[in-house]
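# Observations on the three-dimensional arrangement
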Amino acid sequence: MNSPDTTVQQAKREHTRTGMSKDAFQRDLLDNLFYIQGRFREVATPHDLYMAAAYTTRDRLLARWVKSAQTFKATHARTVCYLSAEYLLGPHLASNLVNLGITETARAAAEELGMDMDALIEEEEEPGLGNGGLGRLAACFMESLATCQIPAIGYGIRYEFGIFKQAIEDGWQVEKGDNWLRNGNPWEIPRPKISFAVGFGGHTESYRDERSQVRLRWQPAFEIRGVAYDTPILGYGSQNVNLLRLWKAEASESLDLQAFNTGDYYGAVHAKIEAETLSKVLYPNDEPEAGKELRLKQQYFLVSCSMQDMIRLHLNTVGPLEGFADKFTVQLNDTHPALAVAELMRLLLDRHAMTWEEAWGITHKTFCYTNHTLLPEALETWPVSLFERLLPRHLEIIYEINRRFLDEVRMRFLGDEARVRRMSLIAEGHERRVRMAHLAVVGSHAVNGVAKLHSYLVKAMLFKDFAELWPERFHNVTNGVTPRRFVVVANPRLAKLITETCGQDDWIRDLEQLRALEPHVDDAGLQGRWQEVKRAAKQDLAQWMKQATGIELDPESMFDVQAKRIHEYKRQHLKVLHIVRCYQRIKQGQVQGLVPRTFIFGGKAAPGYFMAKLIIKLINAVAEVVNNDPQVNDWIRVAFMPDFNVKNGQRLYPAAELSEQISLAGKEASGTGNMKFSMNGALTIGTLDGANIEIREAVGPENFFLFGLTAEEVLQRQMTGYRPWEYYQNDPELKSDLDLINSGLFSHGDTQLFRPLTDNLINHDPFMVLADYRAYLECQEQVDRIYRDPERWTRMSILNVARIGYFSSDRAIREYAERIWQVGPQPVLDTEH
Ligand code: 4GP
């Protein structure tokens, strides 16, 4: 038998297996290829090699993960739990190598084995477990939490099918299933023993407990199990690894047993399949007809598993639940997980026999809520009848929360029944509905918007009544993005140039240090290299685009990019009107002052959002005509990048020179693409909306192209009656652009195809495209003027990067930590070396 000493020594020696040297990495790579993939070098496919590289990287994360878990356990660290229905993670391999600090080592190790690390990185299929901004923000926040050394668990759903893959066929968006798990997921660790039963349906009943108190309990009609799948999330330059815990739905064992025991084999198998559909697919947002039953089930499944898990962790590590809110602070990422408020109440009341007051005290101290959109159609409500059927106990709890809450409102605002109706958690009407946003606000001690203007509008409009009742509850935390993924991984050439210019790479951890670029802004050497970096990125993108779409981009032209979800409020159609205007001017020979441009779009439309899909068709229709017309070809080209996702975003941001952030003021909560482009040296043309306002302040108004109505002007126009047809009739160029679209020129003679879009613009124009058209064109002329002076443009580009430090997600996380969560860093020490 081994003496204890030898065991320790062996354990230590074993640690060198996850060493950071090239040799250790190389050995591990071959080991993993052999022992996990069962392959040897000569027969391994690129995918086998990617898997081996991924496991090799994961091994190194696990060494730190275990240490993190040990540290957090020993220190009883307060933990942030981020509850989000979406995580748009992007590929892991490159970002983990950067955060481990071994990109070059791994590259060299692979190269010596005849492998090309970039090709392996390309092999990775990204987990597209989110729709857009909200999901990507959650992913940036997870990485920054680890970087800022804040103990955190991200809870979500392990959708088997993430956001659909977008193909473009005949100019139309076609959705394809995203079977991202098909080839296995090397980053996750299944935890079959961490699983919880989640009930649905049934009824509630009262009973007397051992102290003869009358209590309520829920007897669900059926149960599903949620099983944990864990992914380690490493911070940059720290030993801290946080946990992303995603729940997969499975049939509950009791259900299984029952059915199998009664001999109903096929019935049992069927029940299993039914149960598993729960985590099958991510719901697309922006669908006009939301409110699907399965979606409510998913939301409850997520919160029930997560709250049960937190309670388990608490009981295991701390003990009695009275101190729950000291151990955990839970951030609700929009209203999708708002049911957590009712679920925690239920668990504390029904399972842990607390009084209402005790349970509410804990619940209210535990939750915080972030709102991500003001669009009324995105504010979730669920029919009371659906709650009665699926979650009867939660409905009772919500009614009781509401009763107590409305009493408070009545006391404060005596006789104001209209206010009571507006604030109620239940909307009365022909169909009574539960207002999830109200539940989130009432159940949380802190509510925040995601940019200054948005947080102001949240207080002044969306939750005005609530802000009057509880002004201290409302905050702003402006969004941020991680510079590791969006500069270091996406744009290594720029990262290198910045590091060389600043003389160090501390900016990667502390983005404000980009300021060190500023003194060099007029240095001709830097300007030249800056331009070279951009040119190289443009060439890379052109090459990719040619291969992916067949479209040839001219890297000598300005790359003008709009990439984000396709939505009317984001106004991709305003951009199209600009392109049509350029087209007409060129055709008429008015090319003076025009700069050659390549217009690049990327973005998905919700499958059920007709108008957004028509906008995609219009973009591609215009592209077809423009790209095939030799008369205009030297001036403009149009490309639609299919399947805009994190990976493709990483190709776009470095290559962009002009970033289009042209939403109608007051509609974009923050935007985060605006930050990613600017961080990569693109100049922004934008409205005073969302975080654009703060970006403009930070980089300097002279380094930002501003146009358009302000949020206040928008409201005024809407109140006094907005008449888009007057713009159509009074502006001959606008009229001729819209008429050209209707003429059939872009649609093989079909004069009706785009009518729904143009008629809507001329008659309703809910997002005031026509009102901003002229200002937008004039601003674009200014863009052209400045672009013709490369030195000036480059200077502005450098200043954008130098002053963008505030928009790091590290800063956003520190603000949450200090102002909302009251948590501090808990460094994990590197005890090995
Ligand atoms: C998005 C907002 O539209 C965007 O402005 C913001 O930057 C992002 O959240 C992160 O806060 N909202 C969504 C959504 O993605 O599904 O509501």
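Where an unreviewed UniProt entry is consulted, the protein chain appears under the name Alpha-1,4 glucan phosphorylase, with the organism given as Caldichromatium japonicum. The UniProt entry for the protein chain carries the following text under Cofactor (unreviewed entry): "pyridoxal 5'-phosphate".

## Some words on the overall build of the protein chain
Across its full length, the protein chain carries 35 helices and 24 strands. Taken against the 2.2 N^0.38 rule, which gives 28 Å for 833 residues, the C-alpha radius of gyration of the protein chain at 28 Å falls within 12% of a compact globule. Dimensions along the principal axes, computed over C-alpha positions, put the protein chain at roughly 90 × 75 × 55 Å. Taking the intrachain contacts of the protein chain between residues at least 6 apart in sequence as the baseline, contacts between residues at least 24 apart amount to 77%. For the protein chain, the accessible area works out to roughly 32,200 Å², and carbon and sulfur atoms hold 52% of it. Both charge centroids of the protein chain, one from 96 positive and one from 110 negative side chains, sit 2 Å from each other.

## Here's the deal with the nonpolar core
Counting 272 residues, the largest nonpolar core has F387, F705 and W821 as its most contacted members. Ranked by residues supplied to this core, first place goes to helix α24 (residues 610–627) with 12 residues. Each of domain 1 (76–91 + 126–479 + 817–821) and domain 2 (507–719 + 766–807) gives at least three residues to this core. Those residues within four positions of F387 in sequence are excluded, and the remaining contacts are L296, L339, W382, P392, H394, L395, I398, V434 and M436.

## So, the side chain of K676
The residue K676 is located in helix α27 (residues 673–679) in this model. In this structure K676 is buried but unpaired, with E126 as the nearest side chain of opposite charge at 10 Å. With sequence-adjacent residues up to four places away left out, K676 is seen in contact with R136, V481, F486 and Y653.

## Quick look at the site of the ligand
Inspection of the region around the ligand gives 14 residues, with L134, H372, N479, E668 and G671 positioned closest. One nitrogen or oxygen atom from the main chain of G671 is found 2.8 Å from an oxygen atom belonging to the ligand. For the ligand, whose accessible area on its own is 400 Å², the fraction buried by protein is 89%. Looking at the shell around the ligand, you find at least three residues from each of domain 1 (76–91 + 126–479 + 817–821) and domain 2 (507–719 + 766–807).

## Observations regarding helix α21 (residues 492–502)
Inspection of α21 places L494, A495, L497, I498, T501 and C502 among the buried residues, and these make up the whole buried set. The buried residues of α21 all sit within an arc of 165° when viewed along its axis, so they share a single face. Taken from the residues just after α21, G503 is the one with a positive phi, measuring 80°.

## So, the packing of aromatic side chains
Within this structure, the stated rule accounts for 24 aromatic pairs. Relative to W247, the ring of Y155 has its centre 6.1 Å away and its plane inclined at 5°; by these criteria the two rings are stacked. Remark: W247 occurs in strand β11 (residues 241–251) and Y155 occurs in strand β4 (residues 152–157); sequence separation between them is 92 residues. Note on Y155: relative accessible area 0%, which makes it buried. Taken together, a centroid distance of 4.8 Å and an interplanar angle of 75° make the contact between Y653 and F677 edge-to-face. Note that Y653 is positioned in helix α26 (residues 646–655) and F677 in helix α27, a separation of 24 residues in sequence. With a relative accessible area of 0%, F677 lands in the buried category.

## Points about the sheet that holds strand β14 (residues 381–383)
Reading across from one edge, β14-β16-β15 is the order of the three strands in this open sheet, with antiparallel pairing throughout. Pairing within the sheet leaves two strands with one partner each, and these edge strands are β14 and β15 (426–427). Sheet analysis places β15 next to strand β16 (residues 433–435), joined by two bridges and oriented antiparallel. When the sheet's bridge partners are listed, A427 is paired in β16 with R433.

## With respect to the pairing of β11
Within β11, 10 of the 11 residues are buried, which leaves the element mostly enclosed by the surrounding structure. Pairing analysis gives 11 bridges linking strand β10 (residues 222–234) to β11, with the strands arranged antiparallel. Bridge pairing links Y229 to L246 in β11. From the end of β10 to the start of β11, which pair antiparallel, there are six residues, and G237 there has a positive phi angle of about 60°.

## Some points on the sheet that holds strand β1 (residues 79–83)
A sheet is described by the order of its strands in space; here nine strands give the open sequence β7-β10-β11-β4-β1-β12-β13-β17-β18, paired in mixed fashion. In this open sheet, the two edge strands, each paired with only one partner strand, are β7 (189–200) and β18 (474–476). Across the sheet, the mean angle from the axis of one strand to that of its neighbour is 25°, orientation sign disregarded. Where helix α9 (residues 265–276) meets the sheet, its contacts fall on β10 and β11, and the angle it forms with β11 comes to roughly 140°.

## Quick word on the side chain of R245
Along the chain, R245 falls in strand β11. In terms of polar contacts, R245 uses its side chain to reach the side chain of D230, at 2.8 Å. Excluding anything up to four places from it in sequence, R245 contacts I153, G154, Y155, G156, I194, A228, Y229, D230, D309 and R312.

## So, the pattern of salt bridges
For the structure shown, the criterion picks out 69 salt bridges. Among the ionic pairs, K22 bridges to E112, the shortest N-O distance being 2.5 Å. One end of the pair, K22, is in helix α2 (residues 22–35); the other, E112, is in helix α5 (residues 103–112), with 90 residues separating them in the sequence. D416 is the salt-bridge partner of R419, the closest N and O atoms lying 3.0 Å from each other. Each of R581, R585, D731, E733, D737, R774 and E781 takes part in one network of salt bridges that share partners.

## Overview of the domain arrangement of the protein chain
Looking at the assigned domains, one finds that the protein chain contains domain 1 (76–91 + 126–479 + 817–821) and domain 2 (507–719 + 766–807). Each of domain 1 and domain 2 has a C-alpha centre, and the two are 35 Å apart. At the junction of the two partners, domain 1 supplies 39 residues and domain 2 supplies 43 residues. Summed over both sides, the interface of domain 1 with domain 2 buries roughly 3,300 Å², with 61% coming from carbon and sulfur. At the junction of domain 1 with domain 2, the criterion picks out two salt bridges. Here K617 makes a salt bridge to D170, at a shortest N to O gap of 3.9 Å.

## Remarks on the pairing of strand β17 (residues 446–449)
Neither face of β17 is exposed, since A446 and N448 on one face and V447 and G449 on the opposite face are all buried. Pairing of strand β13 (residues 367–370) with β17 involves three bridges; the strand directions are parallel. Each residue of the ladder has a partner; that of C368, found in β17, is A446. Note that β17 and β18 share three bridges and pair parallel. The residue of β18 that forms the bridge with N448 is H475.

Calculation criteria
- Residues numbered from 1 in each chain as written.
- Predicted model: local features only at pLDDT ≥ 70, side-chain atom pairs only at ≥ 80, totals over all residues.
- Heavy atoms only, no water.
- UniProt positions renumbered as here; feature names shortened; annotations may be inferred.
- Helix = DSSP H or I, 4+ residues; strand = E, 2+ residues; numbered from the N terminus.
- Rg over C-alpha atoms; globule rule 2.2 N^0.38 Å.
- Contact = heavy atoms within 4.5 Å.
- Areas by Shrake-Rupley, 256 points an atom, 1.4 Å probe, with all protein chains shown as cover.
- Lys, Arg positive; Asp, Glu negative; His and termini not counted.
- Charge placed at Lys NZ, Arg CZ, Asp CG, Glu CD.
- Core = buried A, V, L, I, M, F, W, Y, C linked by side-chain atoms within 4.5 Å.
- Buried < 20%, exposed > 50% of the residue type's maximum accessible area, 1.4 Å probe, protein only.
- Domains from an automatic or database assignment.
- Salt bridge = Lys/Arg side-chain N within 4 Å of Asp/Glu carboxyl O.
- Near = heavy atom within 4 Å.
- Polar contact = N/O pair within 3.5 Å; in protein donor to acceptor, adjacent residues only side chain to side chain.
- Arc of directions from axis to C-beta.
- Phe/Tyr/Trp six-rings, centres within 6.5 Å; stacked < 30°, edge-to-face > 60°.
- Pairing = 2+ DSSP bridges.
- Axes fitted to C-alpha atoms, helices over the stretch in contact; angles between N-to-C directions.
- Buried area = accessible area lost by both parts, 1.4 Å probe.

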